[in-house]
Amino acid sequence: MHAIPSQVALPKRKTMTSPGNGATRWRTEYFGIMGGGKVLPEPQAFLIEMTENDTILPHFHEVDQFQVFVSGSGKVGRSDVMVPLTVHYADRYTGYGPIDAGPQGYSYFTLRAHTDSGPVYLHKPGYREKLQPSRKRHFSAQVALSTEPVLKHRKDVSVEVVTEQTQKYDDGLQAELVRAGADMSFTGPDPKQSGGQYYLVVNGNITYKNEKFDKWSVFFAEPTDPAVNFSSGSDGC
């Protein structure tokens with residue numbers, strides 16, 4: 001089980017230079033390594049914080065990935081302006097973008113079960129030779145977060161499917177939002193039949209193995225790990 005509290009990860013935030021357009025952004029590593037040049041079996045998770053009106057050019061990756069937009073506002077491709085919380089998914093070898101940040105910037109987590117070799121930009125020569133067959137799935141969905149008092153005073157735990165688009169797939173692709181009130185326990189599904197499971201705290205905080213994990217903490221359960229069990233904090237999660 002990989003578990004990184006945000007209060008440990010965020011102080012290590014660093015500036016980076018985009019390989020696509022040379023822009024400066026902030027990057028916080030959670031799991032994995034940056035730009036290894038080849039696909040690796042280890043999970044990879046990081047937070048990108050774009051500057052105002054920045055653009056990430058269209059590209060694809062060699063691994064499947066989820067992105068969760070958690071702060072600011074912007075657009076992905078031809079979508080309408082999206083605000084937190086937006087969940088985006090793209091299959092391996094599936095081009096998407098651009099990602100356009102608004103005047104207040106745009107921040108998102110990238111969550112991958114395997115470490116990617118690096119982006120392949122569609123404006124650079126030779127990208128077609130790197131394409132391989134895939135399902136080419138690419139979609140996003142917006143989710144309303146609970147206000148603090150509503151979350152804190154929930155009477156039960158709910159699990160909501162983020163997008164109905166995932167229901168038609170036979171490989172278990174799924175994204176869910178768990179809402180829990182104050183001091184409640186939750187056990188996730190068994191990861192054994194999956195390619196791994198990510199948990200991202202987007203509101204409140206949780207306790208896992210007697211350790212507190214604040215908002216923007218990240219977990220990854222390997223297929224060999226037991227089901228994840230945690231307790232929500234006094235404000236819910």
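Residues numbered from 1 in each chain as written. Predicted model: local features only at pLDDT ≥ 70, side-chain atom pairs only at ≥ 80, totals over all residues. Heavy atoms only, no water.

A. Highlighting the sheet that holds strand β15 (residues 197-200). Pairing is antiparallel in the open sheet, where 3 strands are placed in the order β1-β18-β15. Unpaired on one side and paired on the other, β1 (2-4) and β15 mark the two borders of the sheet. Here the average twist between neighbouring strands, direction ignored, is 10°. Pairing of β15 with strand β18 (residues 218-221) involves 4 bridges; the strand directions are antiparallel. The residue of β18 that forms the bridge with Tyr-198 is Phe-220. (Pairing = 2+ DSSP bridges. Helix = DSSP H or I, 4+ residues; strand = E, 2+ residues; numbered from the N terminus. Axes fitted to C-alpha atoms, helices over the stretch in contact; angles between N-to-C directions.)

B. The arrangement of the sheet that holds strand β14 (residues 185-187) in detail. On the basis of which strands lie adjacent, the open sheet formed by 4 strands has the order β14-β19-β16-β17 and antiparallel pairing. In this open sheet, the two edge strands, each paired with only one partner strand, are β14 and β17 (211-213). The mean inter-strand angle of the sheet, taken between neighbouring strand axes irrespective of direction, is 35°. Bridge count for strand β16 (residues 206-208) against strand β19 (residues 229-232) is 2 bridges, and the pairing is antiparallel. Its bridge partner lying in β19, Thr-207 is registered against Ser-231.

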